[in-house]
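Structural features, examined
One letter stands for each residue in the lines below.
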Amino acid sequence: MLKAFSTFTLVIASTACATTGQTETVDGGVYDPFEGFNRRVFAFNEAADRVAIGPAARAYETVTPSVARTGISNALSNLNTPVVFLNDVLQGESERAGESFYRFFVNSTIGVLGLWDAADYFGVEGHSEDFGQTLAVWGVDPGPFFVTPFLGPSNLRDTVGMGVDTAIDPLTYVQYGNDTTVNFAARGGTALVGALNTRIEFDEALEQLREQPEPYIAYRRLYTQAREAAIRNGREEEDPYKDLPDFDDF
């Protein structure tokens, strides 16, 4: 749930665009067979952000001190660390898994349940992993690109990954009492605060995206490139032609 709402806040940077009849694109090889539908959802998300989400985030920013917002963001990130650790392990990233384990232990203790990012202070920076990235490492193709209301851009692989992350997240099974209403309110409130925090952080980037000549194309490209970079974990993209001779030598 937390991951879904974080994705949503990165995604609502959109603008109303006219529907096209395209069923496939050559934009970086992204397969977009539902482009007409995607553009309509894209416009809906933009309207929702302008009318409700953006104003709510700015009101939240006004009444909440920055130190409190940072603490909340740190705590929510710490709660997601077990999911990151499991995906590190599944990807065979032993060093990164060790970093995730260290961060969760240090931040949950010295960092007072993650409110203070003590691990970062000690030189161990955080990173993000999810099961969509794990599937990519295992060789699963992304499938068609699509945009969902509120949750924003995704593809078939990442959507399946989000479901698996929810299933393996220990917080999914935490009960805040025997009252179903209390449990729903606690989960929803936590997710909403996380979404508002992220929306504030990316406010300037969202405005820049809106200024693009074709925001939908930029939106689709940025999402795809960001996911590809995340899958590589910061490593340089391999050049398939690097071993070929330099024809200038002949």
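Residues numbered from 1 in each chain as written. Predicted model: local features only at pLDDT ≥ 70, side-chain atom pairs only at ≥ 80, totals over all residues. Heavy atoms only, no water.

1. Looking at a nonpolar patch on the surface
Selection rule: Candidates for patches are residues over 30% relative accessible area with no salt bridge; among them, like charges are joined within 9 Å and nonpolar side chains (Val, Leu, Ile, Met, Phe, Trp, Tyr) within 5 Å. Here the Shrake-Rupley method, with its probe set to 1.4 Å, supplies the accessible areas, and only the displayed protein chains count as covering residues. What counts as a salt bridge is simple: a side-chain nitrogen of Lys or Arg found within 4 Å of a carboxyl oxygen of Asp or Glu. By the criteria applied, helices consist of DSSP H or I runs no shorter than four residues and strands consist of E runs no shorter than two, each listed in order from the N terminus.
A cluster of nonpolar residues, Y102, I110, W116, Y121 and F122, forms a patch on the protein surface that exposes about 560 Å² of accessible area. Relative to the assigned elements, W116 resides in the loop between α5 (94-109) and α6 (118-121).

2. Thoughts on the side chain of D165
What counts is decided by this rule: Type-normalised accessible area, obtained with a 1.4 Å probe on protein chains alone, sets the label of each residue: buried when under 20%, exposed when over 50%, and partly exposed for intermediate values. Under this definition, polar contacts are N or O atom pairs within 3.5 Å; protein pairs additionally need one hydrogen-donor-capable and one acceptor-capable atom, and for neighbouring residues in sequence, both atoms have to be side-chain atoms.
The topology assignment puts D165 in helix α8 (residues 156-168). According to the relative accessible area criterion, D165 is buried, its value standing at 6%. Polar side-chain contacts of D165 include one of 3.2 Å to the side chain of N87.

3. A short note on the pairing of strand β1 (residues 145-148)
A regular strand carries its side chains on alternate faces of the sheet. To be explicit about the condition: Two strands are counted as paired when DSSP detects at least two bridges linking them.
Two elements, β1 and strand β2 (residues 152-155), share four bridges in a ladder whose sense is antiparallel. By the bridge assignment for β2, F145 is matched with N155. Between β1 and β2, which follow one another and run antiparallel, lie three residues, and F150 among them has a positive phi close to 70°.

4. Here's the deal with α5
Residues spaced three or four apart along an α-helix face the same direction, because each turn holds 3.6 residues. Selection rule: Each helix should span, by expectation, one fewer than its residue count multiplied by 1.5 Å. We call two residues contacting when some pair of their heavy atoms lies within 4.5 Å.
End to end, α5 covers 23 Å across 16 residues, agreeing with the expected 22 Å (1.5 Å per residue, within 8%). For α5, the set of buried residues is R96, A97, S100, R103, V106 and N107. Its buried side turned inward, α5 meets α3 (66-79), α4 (81-90) and α6.

5. Here's the deal with the nonpolar core
The cut-off we apply is this: The nonpolar core is taken to be a set of buried Ala, Val, Leu, Ile, Met, Phe, Trp, Tyr and Cys residues, with the residues joined through side-chain atoms within 4.5 Å.
Counting residues in hydrophobic clusters, the biggest one holds eleven residues: V30, V41, F42, F145, V147, L209, Y216, I217, A218, Y219 and Y223. Considering every element that reaches this core, the biggest residue donor is helix α11 (residues 215-232), with five residues. Apart from the residues lying within four places of it in its own chain, the contact partners of V41 are V147, T148 and P149.

6. Digging into the pattern of salt bridges
A pair can form between side chains of opposite charge whenever their charged atoms are brought close. Summed over the entire model, instances satisfying the criterion amount to 16 salt bridges. When the shortest N-O distance is used, the salt bridge between R103 and D117 registers 3.1 Å. On the criterion of sequence distance, the pair formed by R103 in helix α5 and D117 in the loop between α5 and α6 is long-range, its members being 14 residues apart. One salt-bridge network, held together by shared partners, links E46, D49, R50, R58, R199, D203, E207 and R210.

7. Some remarks on the side chain of N78
Within the fold, N78 resides in helix α3. Classification of N78 as buried rests on a relative accessible area of 5%. In contact with N78, other than residues within four places in its own chain, are R103, F104, N107, S108, L113 and G114.

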